[in-house]
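# Notes for the structure review
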Amino acid sequence: MSRHSKSIPIITLYDIPGHSPQPWAPNIWRIRFILNYKRLRYRTVWVEFPDIEATLHGIGAPPSSYRSDGRPVYTLPVIVDPTRNPAAPTVLSNPNNIAEYLESLYPARPVFPEGSRALQTLFVHYIQEVFAKPLLTIMVPLSHRGLNERSQNHFSQPRYSLPPGPERERAWMLVKEQFDFLASVLDKNVGDGDGVCAMGHHVSYADFALCSVLIWIESMAAHDGWSRVREWNGGRWLRLRDRCKDYMDVF
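Predicted, not measured: the structure shown is a model, and the values here were computed from it. (Residues numbered from 1 in each chain as written. Predicted model: local features only at pLDDT ≥ 70, side-chain atom pairs only at ≥ 80, totals over all residues. Heavy atoms only, no water.)

Time to look at the environment of P62. With respect to the helices and strands, the residue P62 is situated in the loop between α2 (52–59) and β3 (65–66). A relative accessible area of 32% means that P62 is categorised as partly exposed. Considered as a pair, P62 and L92 are 30 residues apart in the sequence and their alpha carbons are 6.6 Å apart. Beyond its immediate sequence surroundings of up to four residues, P62 is in contact with Y74, V91, L92 and S93. (Helix = DSSP H or I, 4+ residues; strand = E, 2+ residues; numbered from the N terminus. Buried < 20%, exposed > 50% of the residue type's maximum accessible area, 1.4 Å probe, protein only. Contact = heavy atoms within 4.5 Å.)

In the contact formed by helix α4 (residues 117–131) and helix α8 (residues 205–220), the axes pass within 8 Å of each other and the chain directions differ by 15 degrees. It follows from the interaxial angle that α4 and α8 lie roughly parallel. The two elements α4 and α8 cross, and the hand of that crossing is right-handed. Seen from α4, the contacting residues are Q120, F123, V124, I127 and F131; seen from α8, they are Y205, A206, A209, L210 and V213. Across the contact of α4 with α8, the residue classes break down as nine nonpolar, one polar and no charged. (Axes fitted to C-alpha atoms, helices over the stretch in contact; angles between N-to-C directions. Parallel < 35°, antiparallel > 145°, perpendicular 65-115°, else oblique. Left-handed = near helix turned anticlockwise from the far one by under 90°. Nonpolar A, V, L, I, M, F, W, Y, C, P; charged D, E, K, R; others polar.)

The geometry of helix α5 (residues 136–145) relative to α8 is characterised by a closest axis approach of 10 Å and an angle of 55 degrees between their N-to-C directions. When the axis of α5 is compared with that of α8, the two are oblique. Helix-helix and strand crossings are classified by hand; for α5 and α8 the assignment is left-handed. Contacts between α5 and α8 pair L136, M139, V140, L142 and S143 from the former with W216, I217 and M220 from the latter. In terms of residue class, the contact of α5 with α8 is made up of seven nonpolar, one polar and no charged.

Right, let's talk about the pairing of strand β2 (residues 42–46) for a bit. Two faces belong to every sheet, and in a regular strand the side chains alternate between them. Of the pairings in the sheet, the one linking strand β1 (residues 11–15) to β2 comprises five bridges and is parallel in character. Note that in β2 the partner of Y14 across the bridge is V45. After leaving β1, the chain enters helix α1 (residues 26–37) and then returns to the sheet as β2, a path that is right-handed. (Pairing = 2+ DSSP bridges. Right-handed = clockwise from strand over helix to strand, strands pointing away.)

This is the structure in structure tokens:
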């Protein structure tokens, strides 16, 4: 649903639906946060997993990456931006490329404060490639169950699903180790910042990348996961989510 007039060109964000009306995919939330923070006009188009490649081919989206054998990989998020040139809209994939584009084309309300782009890029890489890795054994099977039936049937049930019990508790403890380490890093901002935001006092792209993971946990593991995480490290992660809540609209 969009509150914007269809007669005015606006950005389109392609997203993956789940059982809940609330978006869940962390990489896509990173872009939704930026759009909302910059107060850009956009609408959401929902695409089931089996339809992603054909849909992206149809709008001329570039691959988000390539396999080792050179075959293209098509994933979301993707944006289509006709606001500068409706006759030849810009079509972009890969959340990092999209973030760079939105910051360059729409510099008002920057998500990369001056001089922070390199460090924030490194922070986001750490969130994606290190911090979130222990979550995968828990969250991927839960996310699979949270998809609509067509998307569920597109994938086989993950083989490493962890049922409730000692093994899942050990997995959560590995996750907590990452949260504890990140909390110790953010503590270095106390005095020069609020200890919640990566850049000190104001939210930025780094915070949106981290909060996207929190929303993923909240959406797909509300009772088993978010109920734990929100209490860890003195409620720091709940405070971060609250700092970002003004940018969690869905259009």
